[in-house]
Amino acid sequence: MRNSLERRALSVFIAGCFALTGGASSVAQNLTKAPIAADQYGGFNFTVPSNNIECIYTPAGGTPTYKPPKNEAELSCDRAQPTYLHFGLGAHGPAVMIENPGEQPCCSDAPVLAYGGTWKQTPFTCSSEQAGLTCKRDDGHGFFISRAKANTF
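Since we're looking at a predicted model, the values are computed, not measured.

**Student:** What is the right way to read the overall build of the protein chain from this model?
**Tutor:** Summing up its helical and strand segments, the protein chain has two helices and 10 strands in all. Shown N-terminal to C-terminal, the secondary structure of the protein chain runs as helices and strands in the order α-α-β-β-β-β-β-β-β-β-β-β. By residue count, 35% of the 153 residues in the protein chain fall in the buried class. Considering only residue pairs separated by 6 or more positions, the protein chain has 42% of its internal contacts joining residues 24 or more positions apart. Just so you have it, the protein chain exposes about 9,100 Å², and 57% of that area is on carbon and sulfur atoms.

**Student:** Sorry if this is basic, but what is going on with the environment of Glu54 here?
**Tutor:** You can see Glu54 is positioned in strand S2 (residues 53-58). For the pair Glu54 and Arg79, spaced 25 residues apart in sequence, the C-alpha to C-alpha distance is 6.8 Å. The contact partners of Glu54, leaving out residues within four places of it in the chain, are Asn45, Phe46, Thr47, Ser76, Cys77, Asp78, Pro105, Cys106, Cys107, Ser108 and Ala110. Engagement of the side chain of Glu54 in a polar contact is seen with the side chain of Asn45, the distance being 3.2 Å. Within the structure, the side chain of Glu54 is placed 2.5 Å from the side chain of Ser108, a separation counted as a polar contact.

**Student:** What's the story with the sheet that holds strand S3 (residues 74-79) in this structure? I'm lost.
**Tutor:** Note: strands within a sheet are paired through backbone hydrogen bonds, in either parallel or antiparallel orientation. Taking strand neighbours across the sheet as the criterion, the five strands line up as S1-S2-S3-S4-S5 in an open arrangement whose pairing is antiparallel. What marks the edges here is a single partner per strand, and that holds for strand S1 (44-47) and strand S5 (96-99). Here the strands of the sheet are splayed against their neighbours by 15° on average, with no regard to which way each runs. Of the strand pairs in this sheet, strand S4 (residues 85-90) and S5 are connected by four bridges, and their pairing is antiparallel.

**Student:** What's the story with the environment of Asp138 in this structure? I'm lost.
**Tutor:** Checked against the element boundaries, Asp138 lands in the loop between strand S8 (132-137) and strand S9 (142-145). Along the sequence, Asp138 and Thr125 sit 13 residues apart, while their C-alpha atoms lie 7.6 Å from each other. Other than its neighbours up to four places away in sequence, Asp138 contacts Lys120, Thr122 and Pro123.

About the criteria used
- Residues numbered from 1 in each chain as written.
- Predicted model: local features only at pLDDT ≥ 70, side-chain atom pairs only at ≥ 80, totals over all residues.
- Heavy atoms only, no water.
- Helix = DSSP H or I, 4+ residues; strand = E, 2+ residues; numbered from the N terminus.
- Buried < 20%, exposed > 50% of the residue type's maximum accessible area, 1.4 Å probe, protein only.
- Contact = heavy atoms within 4.5 Å.
- Areas by Shrake-Rupley, 256 points an atom, 1.4 Å probe, with all protein chains shown as cover.
- Polar contact = N/O pair within 3.5 Å; in protein donor to acceptor, adjacent residues only side chain to side chain.
- Pairing = 2+ DSSP bridges.
- Axes fitted to C-alpha atoms, helices over the stretch in contact; angles between N-to-C directions.

See the structure below:
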């Protein structure tokens, strides 16, 4: 009898926790939809929920450890699986995809851009969906990344 009372008390406790938080899935969803903050140099770093893609935005002028070409803003993203790919998008010109670039730093514990979420830092916008990540510049140049496919446009 004591075991059934303990189980009942535990189930009431868990139900109460879910009622207070709105359920486990909404708690996780709310946490992942938090805004992605800039670092001390104005850069951003984020991953997608699958943790298979990570992006780094470097502002114009760069940081103490990295200066983008022509000191213009730059967005770069890496896909870890099924093969490693690196994507780069500068302030001008087409997006670039590099297969197996050698250095493979993906993926960290950076903030998550939730599915359905959008990150924007002029001139770049990234949209995270279950189908993949689309990043583009205001003029339309960009790239799409998923496990199944990857391309620049």
